[in-house]
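Residue strings, one per chain:
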Amino acid sequence: MTISVVVVDDHPVFRIGMAALLDSLPGIRVTGQAASAREAGPLLASGTDADVVLMDLDLGDGSGIDLTRELLQQHPDLRVLVVTMHEDDDAVVAAVRAGARGYLVKSAPPDAVERAVRAVAAGEMILSPAVAQRAMAYVLGGRTAARLPFPQLTDREREVLDLVAAGLDNETIARRLRLSPKTVRNHLANVLARLALPDRSAAIVRAREEGLGTSG
């Protein structure tokens, strides 16, 4: 059986190179590429054949974690394999909670990518060795996913909420994170919606209850 793959990544060199690698492997065929969240949704909704989606976490117009969650709501049989630069624990936990079936770092060798695609297509859960080692240390160290504050938020949204809880205004947060004030406002709006909070003040109270707000 041929495994159909869609590659979603906003870096054209990586995306094109990954597509070429996958197309060179027996039994694997790249059926589509998307450079943004905006492109990925319609591509899959149009009926593009896809068993596995290779997903970057940092897309130019959004979060790969959010996109993973949305795609799986619309296509429950889809398998998402995250391929990203991030190895931090929060990113792994958030990706898995969103429904990703695998997590690789972009430095993974070609044979590891091939194994991961085939494993995820077969319904297995797979982590790259580096990520698996960190995840094991995370668990053995007594930390669990349950202790991650607001796991429904993306890393960036949690970062913005942390700074809001520390008392920083949007302009200061924008400078701190090297974002535009509009992007900060959008992230905060997403936080309020996801946490069902009415306003900034309520977000500060809730965030401080969870231990955020110490980064100011």
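Thresholds, definitions, all that
- Residues numbered from 1 in each chain as written.
- Predicted model: local features only at pLDDT ≥ 70, side-chain atom pairs only at ≥ 80, totals over all residues.
- Heavy atoms only, no water.
- UniProt positions renumbered as here; feature names shortened; annotations may be inferred.
- Buried < 20%, exposed > 50% of the residue type's maximum accessible area, 1.4 Å probe, protein only.
- Contact = heavy atoms within 4.5 Å.
- Helix = DSSP H or I, 4+ residues; strand = E, 2+ residues; numbered from the N terminus.
- Pairing = 2+ DSSP bridges.
- Axes fitted to C-alpha atoms, helices over the stretch in contact; angles between N-to-C directions.
- Parallel < 35°, antiparallel > 145°, perpendicular 65-115°, else oblique.
- Nonpolar A, V, L, I, M, F, W, Y, C, P; charged D, E, K, R; others polar.
- 1 Å grid on protein atoms, 1.4 Å probe; cavity = no way out; pocket = protein on both sides within 12 Å on 5 of 7 lines; lining within 4 Å.
- Points joined across faces, edges and corners; volume = space filled by probe spheres on them.
- Domains from an automatic or database assignment.

Participant: Could you give me a rundown of the UniProt feature "modified residue: 4-aspartylphosphate" (unreviewed entry) in the chain, with the residues and numbers involved?
Facilitator: According to UniProt, the feature "modified residue: 4-aspartylphosphate" (unreviewed entry) maps to D56 in the numbering used here. Using a relative accessible area of 3% as the deciding quantity, one classes D56 as buried. When near neighbours in sequence (up to four residues on either side) are disregarded, D56 contacts V8, D9, D10, H11, G64, V83, T84 and K106.

Participant: Account for the pairing of strand β6 (residues 79–84), with residues named and values stated.
Facilitator: A regular strand carries its side chains on alternate faces of the sheet. By the criterion of burial, β6 is predominantly enclosed, with five of the six residues buried. Note: strand β3 (residues 52–55) against β6, four bridges, orientation parallel. Directly across from V53, in β6, lies its bridge partner V80. Sheet analysis places β6 next to strand β7 (residues 102–105), joined by four bridges and oriented parallel. Each residue of the ladder has a partner; that of T84, found in β7, is V105.

Participant: Give a detailed account of the packing of helix α7 (residues 155–165) against helix α9 (residues 181–195), specifying residues and quantitative values.
Facilitator: Packing of α7 against α9 leaves a shortest axis separation of 9 Å and a crossing angle of 95 degrees. Judged by the angle between their axes, α7 and α9 are roughly perpendicular. On the side of α7, the interface is formed by R156, E157, V160, L161 and V164, while α9 contributes V184, H187, L188, N190, V191, R194 and L195. Residue classes in the contact of α7 with α9 are distributed as seven nonpolar, two polar and three charged.

Participant: Residue-level account of empty space enclosed by the protein, with values.
Facilitator: By rolling a water-sized probe across the atoms, one finds the places where empty space is left. In this structure the tally under the stated criterion is one cavity of 30 Å³ or more. Around the largest cavity sit V7, V8, D9, F14, M18, L54, M55, D56 and V83, which together line it. Counting residues per element, the ones that place at least two in the lining of the largest cavity are β1 (3–8), α1 (12–23) and β3. Class assignment for the residues of the lining of the largest cavity results in seven nonpolar, no polar and two charged.

Participant: Requested: an account of the layout of surface pockets, with residues and values cited.
Facilitator: There is about 710 Å³ of room inside the largest pocket. Forming the boundary of the largest pocket are 24 residues, of which L59, G62, S63, R156 and H187 lie nearest the centre. Those elements that provide at least two residues to the lining of the largest pocket are β4 (58–59), β5 (62–63), α3 (64–74), α7 and α9. Its residues placed into classes, the lining of the largest pocket shows six nonpolar, nine polar and nine charged. The two domains that each donate at least three residues to the lining of the largest pocket are domain 1 (3–141) and domain 2 (155–210).

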